[in-house]
Amino acid sequence: MLIEKDFENIISKLETEIKKILPKGNVADYIPELSKINPDKFGVSISTIDGLHFGTGDFDENFSLQSIAKVFSLTMVYGALGEKIWNRVGVEPSGNPFNSLVQLEYEKGVPRNPFINAGALVICDYLFDIFENPEIELLNFVRKISGNSNINFNLKVAESESANGYRNKALINLMKSFGNINNDIDKILDLYFKMCSIEMSCKDLSHTFLLYSNHGELIQTGEKLLTVSQTKRLNSVMQTCGFYDESGEFTFKVGLPGKSGVGGGIAAIHPGKYSVAVWSPLLNEKGNSYLGMKILEFITTKFEKSIF
Ligand code: GLU
């Protein structure tokens, strides 16, 4: 079990370590609104299963979750529909960029996994099968699991992505042509862009991800949102597919299941122990936060806190 002293030690060493690393990379400018972010922003937050929290830098400042939010919609859909969801979306790493069209054509409109864009669009389609108003349900769900009723979409970011979201539009149309989309394409895209625009701080994010450290049970209320087996499976998909076409490298260096987003955030968990969120907007060529990955590698290597 992590004790308070471990945490203090990690955070203070991190503060020194960060100064030694020169962040490299680029902010995600294919969503124009995201390119306005200050590239020097940086935050780390760690939450333990037994209620401790430590943070440093801009850990209390909101940022755009982007693909990290795909974990929350998957949790809702998996919890509601169970194993049948895997008939329309797979659980294999794609080995291709997250917005690639090529593989989807070969594989007849069935996305490789729920974290590439095509897979997340299928999950959003499921939300329309389940709920009359999925937008409100999604927001309420994220507010519930984060314990923060102020969590919201950033509509400027959503609109900015929608205005430039040609590839996501192509992906969903291609899947529709293969019969793997049931509901209205424009409504699904609207929900998807809003979902990606959800903002949270590192502090909220590490707190929220405790759900996956805690075997699918909400720590605040004891509510079971996923079974132990479902949580195992979701965490496994995060491990193998959560870091774009760099999931192998991430596992090799960091050794935790998690999910990253092009907003520069990464959330990761150690089952039964802790969760960690980092944010630094400069992305490496694969789309993962450059500094975020370095910090997580530092935490799990130096302090022997990986799952392996
Ligand atoms: N909204 C982004 C997109 O669809 C999410 C990408 C990401 O964070 O991986 O391109």
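Counting restarts for each chain, with residues numbered from 1 along the sequence as it is written. Note on the predicted model: pLDDT of at least 70 is required for a residue's local features to be given, and 80 or more for side-chain atom pairs to be given and counted; whole-chain, interface and lining totals, by contrast, use all residues. Here the side-chain values reflect all heavy atoms present in the structure, with hydrogen atoms and water set aside.

Visitor: So what's going on with the sheet that holds strand E6 (residues 265–270)? Which residues, and what values?
Guide: For two strands to be treated as a pair, DSSP must find at least two bridges joining them. Helix and strand definitions follow DSSP, with helices as H or I runs of at least four residues and strands as E runs of at least two, each counted in order from the N terminus. Strand order in the open sheet formed by five strands is E2-E1-E7-E6-E5, with antiparallel pairing between adjacent strands. The open sheet has two edge strands, strand E2 (53–57) and strand E5 (258–260), and neither has a second partner. Neighbour-to-neighbour, the strand axes of this sheet turn through a mean angle of 5°, independent of strand direction. Of the strand pairs in this sheet, E5 and E6 are connected by three bridges, and their pairing is antiparallel. Paired with Ser 260 across the two strands is Ile 266, which belongs to E6. For helices, the fitted line uses only the C-alpha atoms of the stretch in contact; every axis is such a line through C-alpha atoms, and the angle between N-to-C directions lies from 0 to 180 degrees.

Visitor: So what's going on with the site of the ligand? Residues and values would help.
Guide: Near the ligand the following residues occur: Tyr 30, Gln 66, Ser 67, Phe 98, Asn 117, Glu 161, Asn 168, Tyr 192, Cys 196, Tyr 244, Gly 261 and Val 262. Under this definition, polar contacts are N or O atom pairs within 3.5 Å; protein pairs additionally need one hydrogen-donor-capable and one acceptor-capable atom, and for neighbouring residues in sequence, both atoms have to be side-chain atoms. Between the ligand and the protein, one listed contact pairs a nitrogen atom with a side-chain N or O atom of Glu 161 at 2.7 Å. Measuring from an oxygen atom of the ligand, one finds a side-chain N or O atom of Tyr 192 at 2.6 Å. In isolation the ligand offers 290 Å² of accessible surface; the protein chains occlude 99% of this area. When we say a residue is near a molecule or strand, we mean one of its heavy atoms is within 4 Å of it. The method behind every accessible area is Shrake-Rupley, applied with a 1.4 Å probe, and residues are considered shielded solely by the protein chains displayed.

Visitor: Run through the side chain of Ser 160, naming residues and quoting values.
Guide: For Ser 160, the location among the structural elements is in helix H6 (residues 155–164). Think of it in three bands: residues with accessible area under 20% of the maximum for their type are buried, residues over 50% are exposed, and the middle band is partly exposed, with areas taken using a 1.4 Å probe on protein chains only. The class for Ser 160 is buried, based on a relative accessible area of 10%. In this view, Ser 160 contacts Ile 31, Pro 32 and Glu 33; residues no more than four positions away in its chain are not counted. We call two residues contacting when some pair of their heavy atoms lies within 4.5 Å.

Visitor: Before we move on, can you summarise the pattern of salt bridges with the specific residues and values?
Guide: For this analysis, a salt bridge means a side-chain nitrogen from Lys or Arg found within 4 Å of a carboxyl oxygen belonging to Asp or Glu. Evaluation of the coordinates by the stated rule reveals eleven salt bridges. Note that Glu 223 is salt-bridged to Lys 144, the shortest N-O span being 3.1 Å. One end of the pair, Glu 223, is in the loop between helix H9 (202–213) and helix H10 (228–241); the other, Lys 144, is in helix H5 (residues 134–146), with 79 residues separating them in the sequence. A relative accessible area of 34% means that Lys 144 is categorised as partly exposed. For Lys 194, the salt bridge is made with Asp 190, and the minimal N-O distance between the two is 3.0 Å. With Lys 194 and Asp 190 both in helix H8 (residues 185–196) and four residues apart, this pair spans about one turn of that helix. Among the ionic contacts, a cluster of salt bridges with common partners joins Arg 88, Asp 125 and Asp 129.

Visitor: Run through the side chain of Asn 117, naming residues and quoting values.
Guide: Here Asn 117 is to be found in helix H4 (residues 117–130). Engagement of the side chain of Asn 117 in a polar contact is seen with the side chain of Lys 70, the distance being 2.7 Å. What Asn 117 contacts, discounting residues up to four positions off in sequence, is Ser 67, Lys 70, Phe 98, Asn 99, Asn 168, Leu 171 and Tyr 192.

Visitor: Could you give an account of H4, naming the residues involved and the relevant values?
Guide: Take the residue count of a helix, subtract one, and multiply by 1.5 Å to get its expected span. For H4, which comprises 14 residues, the first-to-last C-alpha distance of 20 Å matches the rise-based estimate of 20 Å (1.5 Å per residue) to within 8%. Of the positions making up H4, those classed as buried are Asn 117, Ala 118, Gly 119, Ala 120, Leu 121, Val 122, Ile 123, Cys 124, Asp 125, Tyr 126 and Leu 127.

Visitor: Can you explain the packing of aromatic side chains? Please cite residues and give values.
Guide: Working definition: a ring pair exists when centres of Phe, Tyr or Trp rings (six-membered ring for Trp) sit within 6.5 Å. Plane angles under 30 degrees give stacked, over 60 give edge-to-face, the rest tilted. For the structure shown, the criterion picks out eight aromatic pairs. Arranged with centres 5.9 Å apart and planes meeting at 65°, the rings of Phe 72 and Phe 209 form a pair that is edge-to-face. Taken together, the residues span a long stretch of sequence, with Phe 72 in helix H2 (residues 70–81) and Phe 209 in helix H9 at a distance of 137 residues. On the accessibility criterion, Phe 72 (0% relative accessible area) is buried. Summarising the aromatic geometry, the rings of Phe 98 and Tyr 244 are spaced 5.1 Å apart at their centres and angled 50° between planes, so their arrangement reads as tilted. Taken as a pair, Phe 98 in the loop between H2 and helix H3 (102–106) and Tyr 244 in the loop between H10 and helix H11 (247–253) lie far apart in primary sequence, 146 residues in all. Take Tyr 244: its relative accessible area is 10%, and that puts it in the buried class. An aromatic cluster is defined as three or more aromatic residues linked by ring pairs; in this entry it consists of Tyr 30, Phe 98 and Tyr 244. Sitting above the plane of the Tyr 126 ring, Arg 88 keeps its charged end 4.4 Å from the centroid. Positioned over the ring face of Tyr 244 is Lys 259, at 4.6 Å from the centre of the ring. Two thresholds decide whether a charge sits over a ring: the Lys NZ or Arg CZ must be within 6 Å of the ring centre and within 35 degrees of the ring normal.

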